[in-house]
Amino acid sequence: MPAPGDSSGLDPWVRGLLRCPVTGAELVDAVGPDGEPELRSTDPDRPLAYPVRDGVPVLLEDEARGF
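As a starting point, this report considers the structure included with it. Everything numeric here is computed off the predicted structure, so don't read it as measured data. (Residues numbered from 1 in each chain as written. Predicted model: local features only at pLDDT ≥ 70, side-chain atom pairs only at ≥ 80, totals over all residues. Heavy atoms only, no water.)

## Details of the pattern of salt bridges
Filter applied, for reference: We define a salt bridge as a side-chain nitrogen of Lys or Arg found within 4 Å of a carboxyl oxygen belonging to Asp or Glu. To qualify as a helix, a DSSP run of H or I must reach at least 4 residues; to qualify as a strand, a run of E must reach at least 2; elements of each kind are numbered from the N terminus. Only protein chains enter the calculation, and the probe is 1.4 Å; a residue is then buried if its accessible area is under 20% of its type maximum, exposed if over 50%, and partly exposed in between.
Applying the stated criterion to the full structure yields five salt bridges. Residue R15 is joined to D29 by a salt bridge in which the shortest nitrogen-to-oxygen separation is 3.3 Å. In this pair, R15 sits in helix α1 (residues 12–17) while D29 sits in strand β1 (residues 27–31), placing the two residues 14 residues apart along the sequence. The class for D29 is partly exposed, based on a relative accessible area of 26%. Here R40 ties to E38 by a salt bridge, and the two come within 2.7 Å at their closest N and O atoms.

Right under this line is the structure:
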């Protein structure tokens, strides 16, 4: 079961394994401008956010948005 405050809906151990496919940076839980969960890269030089759809992170560069 996801931890409280975990907007992605992923178990913490699973989310902890995921990395940005573009930069390799750690991903953190966030909420996008549309109110939907997303994972954000912690890379300060190339900040990217990836959508989480139906509890599944979409870690594709084409789906990422800058923030």
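## Considerations on the pairing of strand β2 (residues 37–41)
Definition in use: Two strands make a pair as long as DSSP finds a minimum of two bridges between them.
In this sheet, β2 lies alongside β1 in antiparallel orientation, the contact comprising five bridges. Within the sheet, the bridge partner assigned to L27 lies in β2 and is S41. A loop of five residues connects β1 with β2, the two strands running antiparallel in sequence, and G35 in this loop sits at a positive phi of about 85°. Here β2 pairs with strand β3 (residues 48–53) via three bridges, running antiparallel. Residue R40 lies in a different strand from β3, and its bridge partner there is A49.

Geometric values such as these leave the question of function open.
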